[in-house]
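# Tertiary structure, described
Given next are the chains, with one letter for each unit.
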Amino acid sequence: MKNIPILMYHNIGQPPEGAKLRGLYVRKGAFARQMWLLKLLGYKGLSMSAALPYLRGEKSGRVVAITFDDGYLDTFELALPILNAVGFNATCYFVSGRSGQYNDWDAATLNVQKKLMTDDQIKEWNAAGMEVGAHSRTHPRLTKSTDEELQIELAGSKTELETLTGASVTQFCYPYGDLDTRVAQAVLKAGYEAATTVQRGRASPGDDLMRLKRILVSGSSILYLFLIKLLTKYEDKRG
Ligand SMILES: [Zn+2]
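Read on for a plain summary of the structure. (Residues numbered from 1 in each chain as written. Predicted model: local features only at pLDDT ≥ 70, side-chain atom pairs only at ≥ 80, totals over all residues. Heavy atoms only, no water.)

So, about the packing of aromatic side chains. Inspection of every chain in the model, using the stated rule, returns six aromatic pairs. Taking the centre distance of 5.0 Å and the plane angle of 90° together, the rings of Tyr9 and Phe31 count as edge-to-face. Of this pair, Tyr9 sits in strand E1 (residues 6-9) while Phe31 sits in helix H1 (residues 28-40); the two residues are 22 residues apart in sequence, bridging distant segments of the chain. Between the aromatic rings of Phe68 and Trp125, the centroid separation amounts to 6.1 Å while the plane-to-plane angle is 85°, which identifies the pairing as edge-to-face. Remark: Trp125 occurs in helix H5 (residues 119-127) and Phe68 occurs in strand E5 (residues 63-70); sequence separation between them is 57 residues. The two residues Phe68 and Trp125 agree in class, both being buried. (Phe/Tyr/Trp six-rings, centres within 6.5 Å; stacked < 30°, edge-to-face > 60°. Helix = DSSP H or I, 4+ residues; strand = E, 2+ residues; numbered from the N terminus. Buried < 20%, exposed > 50% of the residue type's maximum accessible area, 1.4 Å probe, protein only.)

Structure (structure tokens):
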């Protein structure tokens with residue numbers, strides 16, 4: 001079975017002074033080198049919906065899926081031009097109830113307020129050929145949510161983002177990677193085709209589309225380690 005790496009990014013750029021979990025930041029130059037390296041190696045960088053036929057085993061080829069969590073302004077300002085330059089697509093998962101605001105769900109823990117894209121920037125991201133995925137309305141721990149809250153977070157973010165962009169929203173990402181059987185079933189029921197977790201490893205054809213593993217690309221992922229994560233069992237063993 002051919003593996004399909006799904007890359008997971010959070011912030012592109014320099015970590016601000018005093019920010020915790022600085023590994024969540026990948027410098028702009030490092031991100032550009034990673035994308036160009038993939039291109040040189042003959043990989044196509046795809047959005048999650050474009051990667052689905054590969055994940056379902058209907059197509060094969062040298063592909064990676066590229067994902068960004070939370071919808072930060074730096075994804076728009078720094079990653080988008082690089083993606084456009086190499087001709088890759090990507091999926092960004094947005095917290096629909098927080099556009100134009102900041103990461104109020106973990107700002108205190110991380111000691112940093114990070115700006116999120118505005119509605120207009122989300123529309124521009126989509127108009128540039130990138131995919132808009134959902135990451136709930138308010139970034140709660142979904143396993144702690146009632147059935148009613150789940151409905152609002154899952155179906156609500158899908159509707160809000162679809163209304164905003166006019167495009168269908170079929171991709172979901174679990175906030176904090178927090179899920180159980182009830183949550184995964186609710187995501188499927190809300191009409192999503194696939195959902196990504198923070199469980200580490202490479203996805204392969206036939207995997208449960210509601211529980212897709214990803215490859216964490218962190219600030220310390222120097223280029224050769226990035227390649228090892230992509231091409232070997234390195235990440236699978238950390239799953
Ligand atoms: Zn998140």
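The zinc ion binds to the protein through Asp70 (OD), His135 (NE2) and His139 (NE2), with metal-donor distances spanning 2.1 Å. All donors of the zinc ion come from a single chain, and their spacing in sequence reads D-x64-H-x3-H. Separated by 65 residues along the polypeptide, Asp70 in strand E5 and His135 in the loop between strand E7 (131-134) and helix H6 (147-165) bring together distant segments of the chain. We classify Asp70 as buried; its relative accessible area is 6%. (Donors = N, O, S within 2.8 Å, 3.2 Å for Na, K, Ca; no water.)

Quick look at the nonpolar core now. Membership of the largest hydrophobic core comes to 47 residues, with the highest contact counts inside it found for Tyr9, Met35, Phe68 and Trp125. Top contributing element to this core by residue count: helix H3 (residues 73-86), with six residues. (Core = buried A, V, L, I, M, F, W, Y, C linked by side-chain atoms within 4.5 Å.)

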